[in-house]
Amino acid sequence: MRRVLITGGRGFLAGPLIARLKDRAEVFAVGLSKSPGVAAFDLTDPSAARAAVRMIRPDEVYHLAGTTRQGTWDAVWRAHVSTTVNLLEALVARATPVRVVISGSSAEYGAAGGGRSPTESADPQPTTLYGAAKLAQTLAALSYARAGLEVVVARIFNVLGPGTPDNLAPGAFARQIARIAGGLQPPEAAVGDLSARRDYVDVRDTAAALEVLMRRGVSGQCYNVGSGRSTPMSDILHGLAATAQVALRTRVDPARLRRSEVRDLAANTGKIRALGWSPKISLEQSLADTLTWWSSR
């Protein structure tokens, strides 16, 4: 069986991917700390990255490690760029064929995608530290496609579904609405800019896209992963409220407002659809499953 290494093993996206692969491959998940089914390796340390590769001897790698939380430039850089370089250096040193899928981000497009559906050939113009770090990660990763590795980048748009953390807007909304429905807080939700539009794709569809890219993606290339349409944040909030059958008022929280907000961003998905992938789970189902997950916490 194929030996598969998944980094960011305790993360939101890793769970559905592990579930997809576990019956067809030997799956080894790693994260910053040990938990059931996840080994502890700090990939910001080059020696730890080498140790993980020596132990697992992967045929395939899904590199999902990173963070979507706000942080300093150094912290964001280490989480995305340092981990990537350390991991790929360790794979090159092993000198055996391996295929790698990197989790990139639509934040790399930034201003290049405002009001449009950027293709993978668009000139990225990130507007946030996170977007800049993810672009640096992508550029670094693709350089290894010339060093003996097969590297494909999944440029993932906005993800939701079961397990959505509350540092992402749908998770924050679902957490508050679940609490309102349970009588644990007043019927008021703290929100950011509800007029911004984002392209949302279910986490389970995203996991399927990563597997398609592992099988069929062309080394050295990026592929957009999204639904192909943008949705106002107000629809996400009110869709969750309607699912929970609660009435709520909103309060704008300045801490949830972002500088350099991109007003409208949707994926051009023609390139990955040509490989046979398309999202299967509706936005309505994703919202319902996100709320169910948070209601069970």
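The rules we used
- Residues numbered from 1 in each chain as written.
- Predicted model: local features only at pLDDT ≥ 70, side-chain atom pairs only at ≥ 80, totals over all residues.
- Heavy atoms only, no water.
- Helix = DSSP H or I, 4+ residues; strand = E, 2+ residues; numbered from the N terminus.
- Contact = heavy atoms within 4.5 Å.
- Salt bridge = Lys/Arg side-chain N within 4 Å of Asp/Glu carboxyl O.
- Buried < 20%, exposed > 50% of the residue type's maximum accessible area, 1.4 Å probe, protein only.
- Arc of directions from axis to C-beta.
- Pairing = 2+ DSSP bridges.

A. Quick peek at the side chain of T231. Locating T231 in the fold gives a position in strand β12 (residues 231-232). Leave out the neighbours within four places in its chain, and T231 touches A196, R197, R198, I236 and L283.

B. Here's a closer look at the pattern of salt bridges. Here the structure, examined in full by the defined rule, presents 15 salt bridges. The partner of R249 in a salt bridge is E188, with the nearest N and O atoms 3.4 Å apart. Of the two residues, R249 sits in strand β13 (residues 249-252) while E188 sits in strand β8 (residues 188-191), which places them 61 residues apart along the sequence. With relative accessibility at 46%, the residue R249 sits in the partly exposed group. Judged by relative accessible area, which is 27%, E188 ranks as partly exposed. Salt bridges sharing common partners tie together R2, E60 and R215.

C. Just helix α1 (residues 14-21), in detail. A14, P16, L17 and L21 are the residues of α1 that are buried. Down the axis of α1, the buried side of the element spans an arc of 165 degrees, and every buried residue falls inside it. Residues of α1 that are buried make contact with β1 (2-7), β2 (25-31), β4 (60-63) and α6 (203-216).

D. Expanded view of the pairing of β1. When you tally the buried positions in β1, you get 5 out of 6 residues, the bulk of the element. The pairing of β1 with β2 spans 5 bridges and is parallel. For V4, the partnering residue across the bridge sits in β2 and is V27. Judged from the 4 bridges that link them, β1 and β4 form a sheet pairing that is parallel. Residue pairing for β4: T7 is matched across the bridge by H63.

That's the geometry; what it means functionally is another story.
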